[in-house]
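For reference, the chains in residue letters:
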Amino acid sequence: MPVQPVLLKAANRLMPVIQHGRRLDSRLSSKSIHIGEFTAKLIRPKDRETDAVLIYYHGGAFVLKAAAYHKNLAQTYVLQANCAVLFVDYRLAPKYKFPVPLMDCFEAYCWVLENFPSSRLVVGGDSAGADLAMSVMLMARNKGKRMPDGQMLIYPGAASHSDTVSMQRFQDTPMWNSVLNEKALDLYANREDRDDPLFMPLLADSFSGFPPAYVETAEFDCLHDAGVQIAERYRADGIEVILNETTHTIHGYDIAENSPYVKEQVRKRISFLTDIFKQGGI
């Protein structure tokens, strides 16, 4: 994963080329939404109404654009959970450091509250996007905004510090590891921001008021232990949690979209979303 600034520029320029030819499913519609200084895609079913919205913040270490598989998964969520997805293209570090990406994500959240006031709402994301989702919920709670009805966190790190066993153990794993993680955090935030709970949600005193959660971890991932810590903190604060600790997996394993194992885990995410959107809880 390229996290050096010069390589990031090249990788982000190539991303649209890599994704060229990836078409929107014919059963879906997609509309570009301009919110503040960034854009988002609102993806919806064509042939049926839905009163449910998933706000999705993609991963990429706060520095990389969304990959094709992120957008393919977003389409899957729309089709199988019968919801709309607002896919947020927040501004990226290192050009836009903390808290700019977070403020974009929060602005997208507020846009949904304003435009879909009666809809069931889930915030979600993978990796850095999952951390941003947690920070958005902290901001919403602190500002007295309506909280979402659920949260879906895929291999979150909550801007994790390096004091967990998995951080010490997985320093050279493919796709992501603790060495890359520290480099990415340096690009995302200045050192004086590292103790801000909006940067590192695990520093929050409490998660009271947060909605039911689905937390998914990968086994050979430097962020594994942070995901477990998040689930444990949630449970201690009385929040319903589904913790899915996938096995024989690395960070970003769901890039293997056609793998039967990946499809099995995606079905678990869909099941969580469906339960929340049906107002039946988990």
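This text follows the structure it describes.
Residues numbered from 1 in each chain as written. Predicted model: local features only at pLDDT ≥ 70, side-chain atom pairs only at ≥ 80, totals over all residues. Heavy atoms only, no water.

*Asks:* Any details on unusual backbone geometry? Residues and values, ideally.
*Replies:* With the exception of glycine, most residues fall at negative phi, and the peptide bonds are largely trans. Cis geometry is adopted by the peptide bond preceding Pro94, which originates at Ala93 and carries an omega value of 5 degrees. Note that the residue after Phe98, namely Pro99, is joined by a cis bond; omega there is 10 degrees. Note that Pro99 resides in the loop between strand S4 (84–89) and helix H3 (100–115). With a phi angle near 70 degrees, Phe62 is a residue other than glycine that sits in the positive phi range. Turning to its location among the elements, Phe62 is positioned in the loop between strand S3 (52–57) and helix H2 (68–81). Here Ser127, not a glycine, exhibits a phi torsion of approximately 55 degrees, which is positive. Of note, Ser127 is situated in the loop between strand S5 (120–126) and helix H4 (128–142). (Helix = DSSP H or I, 4+ residues; strand = E, 2+ residues; numbered from the N terminus.)

*Asks:* Tell me about the side chain of Asp104, residues and numbers included.
*Replies:* Positionally, Asp104 belongs in helix H3. When sequence neighbours within four positions are dropped, the list of residues in contact with Asp104 reads Phe38, Tyr90 and Arg91. (Contact = heavy atoms within 4.5 Å.)

*Asks:* Break down helix H8 (residues 260–277) for me, with residues and values.
*Replies:* For H8, with 18 residues, the first-to-last C-alpha span of 25 Å sits near the 26 Å given by 1.5 Å per residue. By the burial criterion, the buried members of H8 are Val262, Gln265, Val266, Arg269, Ile270, Phe272, Leu273, Thr274, Ile276 and Phe277. For H8, the secondary structure elements touched by its buried residues are S3, H2, S5, strand S6 (150–154), strand S7 (213–217) and strand S8 (241–245). Looking one or two residues past H8, Gln279 carries a phi angle of roughly 65 degrees, positive in sign. (Expected span 1.5 Å × (residues − 1). Buried < 20%, exposed > 50% of the residue type's maximum accessible area, 1.4 Å probe, protein only.)

*Asks:* Please set out the pairing of strand S1 (residues 28–35) residue by residue, giving values where relevant.
*Replies:* Where S1 lies against strand S2 (residues 38–45), 8 bridges are found, and the strand directions are antiparallel. Note that in S2 the partner of Ser29 across the bridge is Arg44. Between the end of S1 and the start of S2, which pair antiparallel, lie 2 residues, with Gly36 showing a positive phi angle near 60 degrees. (Pairing = 2+ DSSP bridges.)

*Asks:* Explain the nonpolar core to me, and be specific about the residues and the numbers.
*Replies:* Within the largest apolar cluster, 68 residues are counted, with the highest numbers of intra-cluster contacts made by Ile55, Tyr57, Leu86, Tyr109, Tyr188 and Tyr234. If you tally residues by element for this core, the top one is H4, at 10 residues. Ranked by size, the runner-up nonpolar core spans 30 residues in total, among them Tyr56, Cys83, Ile154 and Leu273. (Core = buried A, V, L, I, M, F, W, Y, C linked by side-chain atoms within 4.5 Å.)

*Asks:* Please set out the sheet that holds S4 residue by residue, giving values where relevant.
*Replies:* Here 8 strands make up an open sheet; going across it, the order is S1-S2-S4-S3-S5-S6-S7-S8 and the pairing mixed. The strands lining the two open edges of the sheet, one partner per strand, are S1 and S8. Between one strand and the next, the sheet's axes are offset by a mean angle of 15 degrees, whatever the strand orientation. One ladder, built from 5 bridges, connects S2 with S4; its direction is antiparallel. Counterpart to Leu42 in the pairing with S4 is Leu86. H2 contacts S1, S2, S3, S4, S5 and S6 of the sheet and is inclined by roughly 160 degrees relative to S4. Along the sheet, helix H7 (residues 224–236) contacts S6, S7 and S8; its crossing angle with S8, the most-contacted strand, is approximately 160 degrees. (Axes fitted to C-alpha atoms, helices over the stretch in contact; angles between N-to-C directions.)

*Asks:* Give a detailed account of the packing of aromatic side chains, specifying residues and quantitative values.
*Replies:* By the definition in use, this model includes 15 aromatic pairs. Consider the rings of Phe170 and Phe220, whose centres lie 6.1 Å apart with planes at 85 degrees: the pair is edge-to-face. One end of the pair, Phe170, is in the loop between helix H5 (165–169) and helix H6 (178–188); the other, Phe220, is in the loop between S7 and H7, with 50 residues separating them in the sequence. Put simply, the rings of Phe62, Phe98, Tyr188 and Phe199 pair up and form one aromatic cluster. Directly above the aromatic system of Tyr96 lies the positively charged group of Arg91, at a separation of 5.0 Å from the ring centroid. (Phe/Tyr/Trp six-rings, centres within 6.5 Å; stacked < 30°, edge-to-face > 60°. Lys NZ or Arg CZ within 6 Å of the ring centre and 35° of its normal.)

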